[in-house]
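Here's the letter readout for the chains.
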Amino acid sequence: MLKIQKYAAIDIGSNAIRLLISTITEPEGKAPTFKKTSLVRVPIRLGEDVFVTGKISEKNKQRVLDSLKAYQLLMRTYQIDRYKACATSAMRDAENGEALAKEIYQTTGIEIEIIDGRHEAAIIAATDLHNLIQDDKTYLYVDVGGGSTEFTLFSKGKNITSKSFKLGTVRLLNNLVGDELWKEVQTWIKKVTKPYSYITLIGSGGNINNIFKSSGKKAGKPLSYLYLNSYYQLLNSLTYEERISQLNLNEDRADVIIPAAKIYLSAMKWSRARSIYVPKIGLADGIIKSLYNTYLEENE
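First things first, this report covers the structure right here in the doc. Keep in mind the model is a prediction, meaning the values are calculated, not measured.

Calculation criteria
Throughout, a residue's number is its position along its own chain's written sequence, starting from 1. Given that this is a predicted model, residues contribute local features only at a pLDDT of at least 70 and side-chain atom pairs are listed and counted only at 80 or more, while totals for whole chains, interfaces and linings are drawn from all residues. Side-chain measures were taken over the full set of non-hydrogen atoms in the model, leaving aside hydrogen atoms and water. Runs of H or I in DSSP of at least four residues are treated as helices and runs of E of at least two as strands, each being numbered from the N terminus. For a compact globule the rule gives 2.2 Å times the number of residues to the power 0.38, and the radius of gyration it is set against comes from C-alpha atoms. Only protein chains enter the accessibility calculation, which uses a 1.4 Å probe; a residue whose area is less than 20% of its type maximum is buried, one above 50% is exposed, and one in between is partly exposed. We call two residues in contact when some of their heavy atoms are within 4.5 Å. Note on areas: these come from Shrake-Rupley sampling with a 1.4 Å probe, and a residue is covered only by the protein chains present in the view. Working definition: rings of Phe, Tyr and Trp (its six-membered ring) pair if their centres are within 6.5 Å, and the pair is stacked with planes under 30 degrees apart, edge-to-face with planes over 60 apart, and tilted otherwise. Cavities and pockets were defined on a 1 Å grid built over protein atoms only: a cavity is a set of grid points that admits a 1.4 Å probe from which the probe cannot escape, a pocket is an open set flanked by protein on both sides within 12 Å along at least five of seven lines, and lining residues are those with an atom within 4 Å of any such point. Grid points are joined across faces, edges and corners, and a volume is the space filled by probe spheres set on the points. As a working rule, the residues Ala, Val, Leu, Ile, Met, Phe, Trp, Tyr, Cys and Pro are called nonpolar, Asp, Glu, Lys and Arg charged, and the rest polar, with Gly in that last group. Paired strands, as defined in this entry, are two strands with at least two bridges between them according to DSSP.

## Regarding the overall build of the protein
Assigned secondary structure in the protein consists of 13 helices and eleven strands. Against the globule reference of 19 Å for 300 residues, the protein gives a C-alpha radius of gyration of 19 Å, in line with a compact fold. Over its C-alpha atoms, taken along the principal directions, the protein stretches across nearly 50 × 45 × 35 Å. Evaluated residue by residue, the protein yields a buried proportion of 51% over its 300 residues. Contacts in the protein between residues far apart in sequence, at least 24 positions, make up 66% of those at least 6 positions apart. About 14,700 Å² of surface is accessible on the protein, with carbon and sulfur atoms providing 49% of the total.

## As for the environment of Ile-288
Take Ile-288: it is sitting in helix H13 (residues 283-298). Taking the relative accessible area as the measure of exposure, Ile-288 reaches 3% and is therefore buried. Sequence separation between Ile-288 and Tyr-231 is 57 residues; the distance between their C-alpha atoms is 32 Å. When neighbours within four sequence positions are excluded, Ile-288 is seen to be in contact with Tyr-7, Ala-8, Ala-9, Leu-20, Ser-22, Ile-24 and Phe-34.

## Regarding the packing of aromatic side chains
If you walk through the whole model with that rule in mind, you get seven aromatic pairs. Note on Phe-34 and Tyr-292: the rings are 5.3 Å apart at their centroids and 85° apart in plane angle, and the pair reads as edge-to-face. Of this pair, Phe-34 sits in strand S3 (residues 33-42) while Tyr-292 sits in helix H13, placing them 258 residues apart in sequence. With 6.1 Å between their ring centres and 20° between their planes, Tyr-227 and Tyr-231 make a pair best called stacked. Placement of the pair is Tyr-227 and Tyr-231 together in helix H10 (residues 225-237), with a separation of four residues, close to one helical turn. According to the relative accessible area criterion, Tyr-227 is partly exposed, its value standing at 25%.

## Looking at the layout of surface pockets
Taken as a whole, the largest pocket spans an internal volume of roughly 1,100 Å³. Lining of the largest pocket is provided by 44 residues; of these, Arg-18, Gly-205, Gly-206, Asn-209 and Arg-253 occupy positions nearest its centre. Put simply, the parts of the chain that give the lining of the largest pocket at least two residues each are strand S2 (17-26), S3, strand S6 (138-144), helix H9 (206-215) and H13. The leading source of residues in the lining of the largest pocket is H9, at seven residues. When the residues that make up the lining of the largest pocket are grouped by side-chain class, the tally is 13 nonpolar, 20 polar and eleven charged.

## Observations regarding unusual backbone geometry
Backbone geometry at Gln-79 places phi at a positive 55°, although glycine is not the residue there. Mapped onto the elements, Gln-79 comes out in the loop between helix H2 (58-78) and strand S4 (82-87).

## Some words on the pairing of strand S1 (residues 3-12)
Among the ten residues of S1, seven are classified as buried, and the element is accordingly described as predominantly covered. Inspection of the sheet shows S1 paired to S2 by ten bridges, in the antiparallel sense. For Ile-4, the partnering residue across the bridge sits in S2 and is Thr-25. Across six bridges, S1 lies against S4 in parallel orientation.

In short, shape yes, function no, at least from these values alone.
Put into structure tokens, the structure is as follows:
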């Protein structure tokens, strides 16, 4: 008998808020399939408030509430079986983050879990990342967000170590990352990758997905360091307006894409990686997978 379920994931990030609705089809005796049914993204740059002033502004608070009211209606319309909502760096650092989470719950009935960087990395690692990881190779997984970047080292199919740094695209845009943090990231990457002779990067996040799409490469093929570096030079040679008009970038992508590319390039350089794989995964995909795993445990 065929079983069909609909799950929803809400990711409240430092650059944007996403709602992913996924249809899970379970044919009897076969592996389940996960299909993206809908993805709604609202670019509310919470990090711009929080990383500069320490709290979420009234204007953006209202925009978050409006977005989540809309998401709640969409979830109801899609007849969602389960959902989970997670907030990351910006709400974690905001002095009014907990108060906003309470207000969201009172207004929409949506419960927000504010997660730390380690938890974020673990949720993302629960995705199809393991399908990409070969047992005889070593990978540095880099997930670049607006407020932080999560690094995880995988070797021989195992998670060796992971760390989250407050090195995010929105922080970089607002000149809130000092040389000492870059140095700390460099030292950590060099130290954890030193024992391995050959490292491959895996990158996730909206910016690297965008760069990959523009490369015209087939899904599953990596980007080279040379390609990423030349694209980074191209981005830097254009004005913000030219990046929107010539590269067809969204307004909220045309600025953060430059610091994001810098983070990926730096990670490649420090780990001596020559190529980067870009599977289309992120926190929202990880939330869907973790919801499904919980469902399996409950029905064992």
